[in-house]
Amino acid sequence: MTNAASPTGSSGGAPLLVNGLISGINTSSVISALLESYQIPITNLQGQQQSLNSQASDYQGINTDLQSLQNAANALNMQNNWNLATATSSDSAVASAAASPGAVDGSMSFTVNQLAQANLLISSGSAASTGSVVTSSPTLFLATGGASLGLSSFSGTSALGVGSHSIQVTQSSSAATINGSSGLASSTTISSGTNDTLNLTVGGTGYTLTLASGLYSPSGLVNAINAAASAAGAPVTASLTSSGALKLSTTEQGSAASLTLNTSDAAASLGLTAGTTASGTDGVVTVDGTSTTLSALNPGGTVTLNAPNGTISATLSSSPGTSGSLLTAGTANAAAVSTGNGSLSAVVSAIASSGLGVTAQAVQQSSGAYLLQVGATNTGLSGSVSIDPTAFSSGVLGSMSTIAQAQDAEVSVGASGAGYQLSSSTNTFSNLMQGIAITVHQTGQTTVTVTPDAAGAASKVSTLVNAANQVLSDIQKYAGYNEQTKTGGPLMGSSVLTNLQNSILSAFGTATGTSGLANGQALGITVGPQGTLVFDQNTFEQKYSANPSQVANLFTQGGTFTPTTNATAGEVSFVYAGTQTRPGTYDVTVSHSATQATDTGATLSGGATTAAENLTITEGQSSAKYAVSSGESLASIAAGLDAAFGNQQMSLTAQVVNNGTKLQITTNGYGSGSSFSVASSNTGSGTTGLAGGTANSASSFAGTDVRGTINGVAATGSGQVLAAPTSDPTLQGLSVLVNASSITSLTDLGSITYAPGLAQQLSAIADQAANASSGAITTTIQSLQNEATGLNGQIANYQQLESQQATVLHNEFAKMEATLGNLKSESSSLSSSISQLPGF
């Protein structure tokens, strides 16, 4: 059986050849043998190419290790990466606690007064079936969250059409309040005829409160004053401020509420000043954007609210909320829903589909008796349910009764009467301790303690050490020498890997940051006999528990400031450095310090207004409104504005300046990014003067950014932060915080000395090696890949020579076979001719 050689087409190449058809020679084997010398350089080049690609792959493996190392280092190179804490409760049955990054060490004792509860209503009457008609009204008005605003119910809502509605308290109300100048003594003696009377004028009516004689604690005095007020019929209440000072407040709230402390023999003993006058703050409510200012608010009273197409009525809660306001800033969601055919099933369906987070069902109490049950899906006052009380009053269902009152979870901090209360719509409090989520489970007392999380910090350091060890192990694997096999790795002799190995080990052995510690060995990180790192977690946790900040300073980037003079001490601090910022000392000069946005009002010599106005202060998307009364003190206005700012979560502060004659508003932050505007309904004489000269036209105020240089390089200011350009090869984004104020000309403040710390050094080492554009290993990989790709041309050339020679050989052997064929044919012809001759 013969083998076929390669065919060829009409365009040339090796001709059709059948092995040994004439000659009997295996021409394919002969040609292959003759071409072996051409294959040798191709094989060698392909081997080189494979070796180069293999080396690139090995480097790529180390590159991947370095990315993991950089990630682990970046998780430890900033101070905020070390804000690890653990929280425990002394009574986990009362409350449990969970810490998050940024939690502050310390402890807090508190009392859980009540748990959050969802609202649940039930009809007082029943329907014979779910198809029974229970209302003749075509619509039903529902609201959720009204109780959190201080509005317990709504009625007369026919002015609101079918659809969604919004009821918003844009300004909290407040009582007229007089505070003591300092905390009450631990014990106070009240004696008849000596210091037992308080003479008050409340809303224009005079009252004399006579205290019972005795020795009182601060909370006892509060109870005695409230008893005396009740006996005198005076509409005031006493309580203690968070600092333990006495506070007298009217039960009425709004600008109609006024309170004056007249000459009283008990005033000095109670820390009060005779002649002090105060007025309340109006509440402002909007219904679908239409506003109503309420100047006379009484617990449990009814108020009329303007709506776009009429008015509605609302009932106030029976007592102020934990903030002390009858009306508290916030939003209630409402809807007027169609009751369809008025049947119980139609009402249930309408309530359930209102989109307000309310459930409804027809509960069969007995045969032929169905009750309407309505409940809130969310706990707390913000989930409270309000139904127009007249909705079913004329039908079989009657009135809706509360079987589970909506309530917030509530805790008290501090001694009875002298501390403060916090509430939450759920059983979890996030504002009780910074960075701690506290979940209450039952009433009672407990103490939550927050301590540094040594185990959590150790886990992050262990991840860093393991990542470094992975790099070191792979360097040994690919570039080291194996004593047992007496062979070196494929990358042995690589100066890039040798330098990388030395840099990593040197960082662990020499980095100190700003800690004052010698190196990582002081924290239990040592070099083992195999050239990898060993981490003693017990040693680390002991060091961390003893001094968390010192341990963190060994790992993190940091800087110390050396002032030019004592006058500039503490005015510059380190903020941030780039991965490749070089360690060193750099001069800091400032030509203009950062400022806050500030609005200072007109001078009012008496420290009080003589004309009323409505102020609107806007910061970003948030606005606070405050109604100023004629004769209101600047101190009272400042307190009211601060309360309004707090309700709207605005970063503004109001204060009285210029010896009590001017009102001032400032942003809490600095720089051009901190700004606000003020508008007033009255900018005439006797007003605060905060809004400029045109009524109802907003005046804007903005801060300025710091300006200066770092190391002589012009830096960019953002608020109080001065940042060097990231393009600067030395500074690479080095940033400092400048607290200095009132600088308007070039001033040399001193120098900042930057020290990278262990984690920052490792991040820089990894970046120098693995950076996607300029890393040493990255460029080595690219060089190897380019070299391997460059061999393709040489391989192609040799393959072309081989192909050409193969064609020549195929042609030669084809010709030989053809010639032999011709000779054979001629031989046959001669033999035939000879055989025909006579005698043959």
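Residues numbered from 1 in each chain as written. Predicted model: local features only at pLDDT ≥ 70, side-chain atom pairs only at ≥ 80, totals over all residues. Heavy atoms only, no water.

### A word on the sheet that holds strand β28 (residues 428-433)
Stage number 1. Taken together, 3 strands build an open sheet; the order of strands is β2-β29-β28 and the sheet is antiparallel. What marks the edges here is a single partner per strand, and that holds for β2 (95-99) and β28. Neighbour to neighbour, the strand axes of the sheet diverge by 35° on average, direction disregarded.
Stage number 2. Sheet topology note: the β28/strand β29 (residues 436-440) ladder contains 3 bridges and is antiparallel. Residue pairing for β29: T428 is matched across the bridge by T439. (Pairing = 2+ DSSP bridges. Helix = DSSP H or I, 4+ residues; strand = E, 2+ residues; numbered from the N terminus. Axes fitted to C-alpha atoms, helices over the stretch in contact; angles between N-to-C directions.)

### Considering the sheet that holds strand β14 (residues 245-253)
Stage number 1. Strand order in the open sheet formed by 3 strands is β8-β14-β13, and the pairing between neighbours is antiparallel. Edge positions in the sheet fall to β8 (175-183) and β13 (236-240), since each of these pairs with one other strand and no more. Sheet twist, expressed as the average angle between the axes of neighbouring strands with direction ignored, equals 20°.
Stage number 2. Across 5 bridges, the pairing between β8 and β14 is antiparallel. Within β14, the position partnered with N179 by the bridge is K247.
Stage number 3. Each of β13 and β14 is contacted by helix α3 (residues 218-232), which is oriented at about 180° to β13, the strand it contacts most. (Contact = heavy atoms within 4.5 Å.)

### Some remarks on the packing of helix α1 (residues 27-74) against helix α11 (residues 776-835)
Stage number 1. Where α1 contacts α11, the axes come no closer than 9 Å and their chain directions differ by 170°. With respect to their mutual orientation, α1 and α11 come out roughly antiparallel.
Stage number 2. Its residues placed into classes, the contact of α1 with α11 shows 24 nonpolar, 17 polar and 3 charged. (Parallel < 35°, antiparallel > 145°, perpendicular 65-115°, else oblique. Nonpolar A, V, L, I, M, F, W, Y, C, P; charged D, E, K, R; others polar.)

### Quick notes on the pairing of strand β7 (residues 163-171)
Stage number 1. Sheet topology note: the β7/strand β21 (residues 330-338) ladder contains 7 bridges and is antiparallel. By the bridge assignment for β21, V169 is matched with G330.
Stage number 2. Bridging between β7 and strand β17 (residues 283-287) involves 4 bridges; their strand directions are antiparallel. Looking across to β17, one finds that I167 is bridged to V287.

### Quick look at the pattern of salt bridges
Stage number 1. Enumeration according to the criterion identifies 1 salt bridge in this entry.
Stage number 2. With its nearest N and O atoms 3.6 Å apart, the salt bridge here joins K486 to E483. (Salt bridge = Lys/Arg side-chain N within 4 Å of Asp/Glu carboxyl O.)

### Re the confidence of the model for the protein
Regions with low pLDDT carry predicted coordinates that are not meant to be interpreted in detail.
Stage number 1. Model confidence for the protein is summarised by a mean pLDDT of 90, while 97% of its residues fall at 70 or above.
Stage number 2. A low-confidence stretch, residues 1-16 stays under pLDDT 50, and its non-local contacts, those more than four residues away or across chains, total 26 contacts. (pLDDT = per-residue confidence, 0-100.)

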